[in-house]
Amino acid sequence: LTCKHCRIAANKMRVIHKRNPEIPFYFVLNGENKDLKPFFEKTFTEDIPHTMLLGRNFIFLAGTNLPTIFLVNNSMVEHNIDYMNMDQDEIENWLKK
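Scanning the model with the defined rule gives two aromatic pairs in all. Centre to centre, the rings of F27 and F39 are 6.1 Å apart; their planes meet at 80°, and the pair counts as edge-to-face. In this pair, F27 sits in strand β1 (residues 27–29) while F39 sits in helix α2 (residues 36–43), placing the two residues twelve residues apart along the sequence. Like F39, F27 is buried. The interplanar angle of 65° and the centroid separation of 5.5 Å between the aromatic rings of F39 and F40 together place this pair among those described as edge-to-face. For the pair shown, F39 and F40 are each scored as buried. Aromatic ring contacts, followed pair by pair, group F27, F39 and F40 into a single cluster.

Regular strands have side chains that alternate between both faces of the sheet. Note: strand β3 (residues 69–73) against strand β4 (residues 76–81), five bridges, orientation antiparallel. Counterpart to V72 in the pairing with β4 is V77. Joining the antiparallel neighbours β3 and β4 is a turn of two residues, in which N74 adopts a positive phi near 50°.

We now examine the nonpolar core. Ranked by size, the top nonpolar core spans 20 residues in total, and within it F25, F27, L29, F39, I69, M86 and I91 carry the most contacts. Within the residue set of this core, elements represented by two or more residues are α1 (4–19), β1, α2, β3 and α4 (88–96). Among the elements that take part in this core, α1 stands out by supplying four residues, more than any other. Contact partners of F27, with chain neighbours within four places excluded, come to A10, M13, F39, T45, I48, P49, H50 and T51.

A cluster of nonpolar residues, Y26, V28 and L61, forms a patch on the protein surface that exposes about 270 Å² of accessible area. Owing to a relative accessible area of 32%, V28 belongs among the partly exposed residues under this scheme.

Turning next to α4. Those residues of α4 that fall on the buried side of the exposure criterion are Q88, I91, E92 and W94. Looking straight down α4, one finds that the buried residues subtend no more than 160° of arc, so they occupy a single side. Packing partners of the buried residues in α4 comprise α1, β3 and β4. The residue sitting at the N-terminus of α4 and contributing the capping side-chain oxygen is D87; that oxygen lies 3.2 Å from the backbone nitrogen of D89.

What counts as what
- Throughout, residues of each chain are indexed from 1 in the direction in which the sequence is written.
- Owing to the predicted nature of the model, reporting of local features is limited to residues with pLDDT of at least 70; listing and counting of side-chain atom pairs is limited to 80 or more, with chain, interface and lining totals taken over all residues.
- With hydrogens and water stripped out, all remaining heavy atoms of the structure feed into the side-chain values.
- Think of it this way: a Phe, Tyr or Trp ring, Trp meaning its six-membered ring, pairs with another when their centres are within 6.5 Å, and the plane angle makes it stacked under 30 degrees, edge-to-face over 60, tilted otherwise.
- Working definition: helices are DSSP H or I runs of at least four residues, strands are E runs of at least two. Numbering for both runs from the N terminus.
- Accessible area is worked out with a 1.4 Å probe on protein chains only. A residue is then buried under 20% of its type maximum, exposed over 50%, and partly exposed in between.
- Here, strands pair whenever DSSP counts at least two bridges between them.
- We define a nonpolar core as any set of buried Ala, Val, Leu, Ile, Met, Phe, Trp, Tyr and Cys residues linked to one another through side-chain atoms lying within 4.5 Å.
- Should any heavy atoms of two residues lie within 4.5 Å, those residues are considered in contact.
- The patches reported here contain residues having more than 30% relative accessible area and no salt bridge. Joining distances are 9 Å for like charges and 5 Å for nonpolar side chains (Val, Leu, Ile, Met, Phe, Trp, Tyr).
- The accessible surface values rely on the Shrake-Rupley method and a 1.4 Å probe; as for residues, cover is taken only from the protein chains in view.
- Each reported salt bridge corresponds to a side-chain nitrogen of Lys or Arg within 4 Å of a carboxyl oxygen of Asp or Glu.
- The directions from the helix axis to the C-beta atoms form the arc being described.
- Whenever a nitrogen or oxygen atom comes within 3.5 Å of another N or O atom, the pair is scored as a polar contact, on the condition that within protein one atom can donate a hydrogen and the other can accept it, and that pairs from neighbouring residues in sequence are kept only if both atoms are in side chains.

Set out below in structure tokens:
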């Protein structure tokens, strides 16, 4: 919730989500509850569904190279996206498959 790179990724997702609300983004967030409100206030992503997964469980899922952005199909990770190169067209094309 306080990672500047994760906040950059969230802001990029907000822009993409605003352009195309049909893209089903879902955040899995890690951090203290007190940091959740500031995260949403900074990223304006309150309308993107999320869950909190803390500590070991979060690292088990996401790994240690954060932020991690997965394209998931039927509970299976099919692709990883680098947040710096996140591209709306790439996501939309993947969703069409």
